[in-house]
Structure formats: structure tokens, C-alpha cells
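One-letter residues, chain by chain:
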Amino acid sequence: MPMVNAALVESFDEPPHFRSVPAPEAGPGQEPVDVLAVGVHPATRGIAAGKHYTSPKKLPALAGADAVVRRADGSLGYVMVMGAGSLAERIVVDSAAVIPVPDGADPALLAATMNPALSSWAALRTRVPFQAGQAVLVHGATGNAGSMAVKVAKHLGAGRVIAAGRNRARLDELTAEGADDIVQLTPDEDATAAALAGAAAEVDVVLDYVWGPPTELAMRAVLGARTQHTRLLDWVQIGGTGGDAITLSGHALRSNAFRVLGSGFGSVETQVMQREFTELVAAIAAGGMAVRPHPFPLDQVEAAWAHQDAPGERTVILL
Ligand SMILES: NC(=O)c1ccc[n+]([C@@H]2O[C@H](COP(=O)([O-])OP(=O)(O)OC[C@H]3O[C@@H](n4cnc5c(N)ncnc54)[C@H](OP(=O)(O)O)[C@@H]3O)[C@@H](O)[C@H]2O)c1
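Rules of the game
- Residues numbered from 1 in each chain as written.
- Predicted model: local features only at pLDDT ≥ 70, side-chain atom pairs only at ≥ 80, totals over all residues.
- Heavy atoms only, no water.
- Buried < 20%, exposed > 50% of the residue type's maximum accessible area, 1.4 Å probe, protein only.
- Helix = DSSP H or I, 4+ residues; strand = E, 2+ residues; numbered from the N terminus.
- Arc of directions from axis to C-beta.
- Contact = heavy atoms within 4.5 Å.
- Polar contact = N/O pair within 3.5 Å; in protein donor to acceptor, adjacent residues only side chain to side chain.
- UniProt positions renumbered as here; feature names shortened; annotations may be inferred.
- Domains from an automatic or database assignment.
- Buried area = accessible area lost by both parts, 1.4 Å probe.
- Salt bridge = Lys/Arg side-chain N within 4 Å of Asp/Glu carboxyl O.
- Nonpolar A, V, L, I, M, F, W, Y, C, P; charged D, E, K, R; others polar.
- Expected span 1.5 Å × (residues − 1).

**Re helix H4 (residues 168-176)**
Spacing of three or four residues puts side chains on the same side of an α-helix, whose turn is 3.6 residues.
Argument step 1. Burial in H4 covers these residues: Arg170, Leu171 and Leu174. End-on, the buried residues of H4 take up no more than an arc of 105 degrees, which puts them together on one face.
Argument step 2. The secondary structure elements touched by the buried residues of H4 are helix H3 (144-155), strand S10 (160-165) and strand S11 (181-184).
Argument step 3. A distance of 3.1 Å separates the backbone nitrogen of Ala169 from a side-chain oxygen at the start of H4, and that oxygen is part of Asn167.
Argument step 4. Two residues or fewer after H4 comes Gly178, characterised by a positive phi angle close to 130 degrees.

**What about the UniProt feature "domain: Enoyl reductase (ER)" (unreviewed entry) in the chain?**
Argument step 1. Sequence positions flagged by UniProt for "domain: Enoyl reductase (ER)" (unreviewed entry) are, in local numbering, residues 11-317.
Argument step 2. Taken end to end, residues 11-317 has its terminal C-alpha atoms 20 Å apart, with 33% of it in helix and 25% in strand.

**Considering the domain arrangement of the chain**
For an interface, size is often stated in terms of accessible area lost upon the parts coming together.
Argument step 1. Once the domains are mapped, the chain shows domain 1 (3-101 + 289-318) and domain 2 (116-262).
Argument step 2. Spacing between the C-alpha centres of domain 1 and domain 2 amounts to 30 Å.
Argument step 3. Taken together, the contact between domain 1 and domain 2 spans 10 residues of the former and 10 residues of the latter.
Argument step 4. Ranking the residues of domain 1 by area buried against domain 2 places Met289, Val291 and Pro311 at the top, with a combined share of 60%.
Argument step 5. Taken together, the links from domain 1 to domain 2 amount to zero salt bridges.
Argument step 6. Across the contact surface, domain 1 and domain 2 share two residue pairs in polar contact (both at pLDDT 80 or more).
Argument step 7. Contributions of two or more residues to the side of domain 1 that touches domain 2 are made by strand S6 (76-80) and strand S16 (313-318).
Argument step 8. By residue class, the composition of the side of domain 1 that touches domain 2 is six nonpolar, two polar and two charged.

**Quick word on helix H8 (residues 270-285)**
Argument step 1. Taking 1.5 Å per residue, 16 residues should reach 22 Å; H8 reaches 22 Å between its end C-alpha atoms and fits that length.
Argument step 2. Listed as buried for H8 are Met273, Gln274, Glu276, Phe277, Leu280, Val281, Ala283 and Ile284.
Argument step 3. Against the buried residues of H8 lie S6, strand S8 (99-101), helix H2 (107-127) and H3.
Argument step 4. Directly beyond the C-terminal end of H8, a positive phi value near 100 degrees is found at Gly287.

So, in C-alpha cells, the structure goes:
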């Protein structure tokens, strides 16, 4: 039986292990592809820890949630497989789900950048009626997805982007990278609320990577300072670095034209996602939107899992 090297989740309490597994066989509508690079994103880690809504129901299971792959005709592609797993030298994928990648694109850079960048791209392009010229608050802008959100919002025509986050040095870098205004989120709740109210009271969209108590504070601050109450405000939940739940008052929902919705795997039609991500891959390959890859070989998958990324960097496993 032909075998391939892979990274297997054998227990949700341990990092994936380097193993040899039987090469997969393609079913109808599927094709085998060679995996070149796999990003180790927060969702990738969450899935492998049994904490994500797409985590496998049975173990052992392949680790990895997305991949840059080479098809049999030599062309490159990007696939997002979530809990189905991508960390093996060879996997089978649905042919219709392969997003074309331009020749000459850097697989490691794409594997590092796609997942953080697609979160804001999908939100602005498919979840809200975002229009060029509108104002966007990125809540939690100092992580990779939030930083990409600043660039993506600008790329898609935002008139004003406000970056809010904890890390002051990273916020200053974001100013140089296109943010029109920054708000530092500090333990001083009154100062944070005042800064959010001053900078973001009249935004059209909030891209929220934090959630939890910091979002409760931010919602109170922004809604309380809003003067154009019937101007639509879409607050999009994308990440949960600050917690998975909030308490939302009915008053907040009634006092302004205010909508709360989420954006992620499961909330967007596959075909729509394919179309949008083809455009995003091309935009990343063209340059100007990049997360720095921190590479590990597949046989060091446990070390890759233990590595903590510096701001602006993402662990990538190269096969
Ligand atoms: N729905 C989607 O489509 C989608 C796609 C990609 C990512 N995500 C989610 O988005 C989130 C961020 O992902 P990422 O790739 O940016 O991860 P990342 O690069 O690891 O960044 C996470 C950042 O969160 C910040 N943070 C942590 N706790 C915080 C808090 N209490 N308040 C404010 N900021 C806090 C930290 O920045 P500081 O230390 O500088 O504050 C950290 O750098 C994750 O929850 C991820 O699962 C969702």
C-alpha cells in the first residue's frame, strides 16, 4: 500500500504527531494533489484541540485546515478543508473547491496570509452591504487577521479605517500601513471607551476579532456616542480572542439602526466563497498584503505547534 508522511491528531490534548499513513484515494469529483504549504492558524490549532465547530468527530485525524497545493497539471491551488485535514504530502480534494493560484506565487507566503486575510474579505464582500467610501472600525487590529483587515478594507475602498488594539507598537505600524486612526485598548475602561467614542462613533461597519467583555465595552461606547441613529451599523463577529460570548441589551438593538452578525466558515455559500477567494488570492499574489511565514518542515510538526508567532508572523509547515 503506498504511504505518505502526514501530521496526525491522535488526542485533542496533544500536538499532532509526524506519522506515515496510507495515501488517500480520490472519489468521484475529487482529485489527488501534492501539498506544498499549510498555515498553522488559530482555527487550525482550535480544530486540532477539539475546540472548533469543524473539529473531527473521530481520531486519529489529519491536522491542518487549509493548504497551498500543486495539481496534476502542475498548476497551484489553494484549498480550505477545515476539519477534514490537509497536513499530508498528498491529499484528495473536491476539484470544484480548488481556488486557482497564479504561477509564480510564493506558497509559504500565501499559506501564511490567506486565512487571516479572507476573514475581512469575506465579511466585507459577502456579509454586509459595504460600499466604497464607508468607515470601518477593526476591533482587535493588532493580530494577523485584524492587521490584514485594515489593508483589505482599504483595498476594497473604505474611506476611513480605525484600528483598535492593545499593542501600541503594532498600532503605530498600522498607521504607516494605511490605518487612518488608531485607538489603544487599555485596562483603563473609561479611557478606552472615550477613545472609541471619539474615533469610531459614526462608522458603518465593525470587524470584530475580539468579542467577549471588550466588545461589550466597545458596543456601549460606539452606540452611546452615535449621533446619526438611523445610519446602519453592521457589527460583524469574526474572532473571539477576548471571549466567546457577550451580553447584548435590547436597548442597544433598538436605539440605533444596529445589526450584529457573524462571518466565518459556514456562513457563506461555497460558490460565493470560491469566487471571492479567487480574487483575494490574486490580490495577495500581486503584493501589498502579506503575513510573514515562519517555516517548519513536516517532521517538526510538534515544534511548529509549540512555536508562538511574533506579531506579523504565521507558522507555516512546508512539505
Ligand atoms: N471567521 C473567520 O473567517 C476567521 C478567519 C481568521 C481568523 N479568525 C479569528 O480571528 C481571531 C484572530 O486571528 P488571528 O489570525 O489574527 O490570530 P493572531 O495573529 O494570533 O492574533 C490574535 C491577536 O489577538 C489579540 N488579542 C488577544 N486577546 C485580546 C483581547 N482581550 N483584546 C484585544 N486583542 C486581543 C492579540 O493582540 P495583542 O496582544 O496585540 O492585543 C493577538 O495578537 C481568532 O479568534 C481567529 O480564530 C476568524
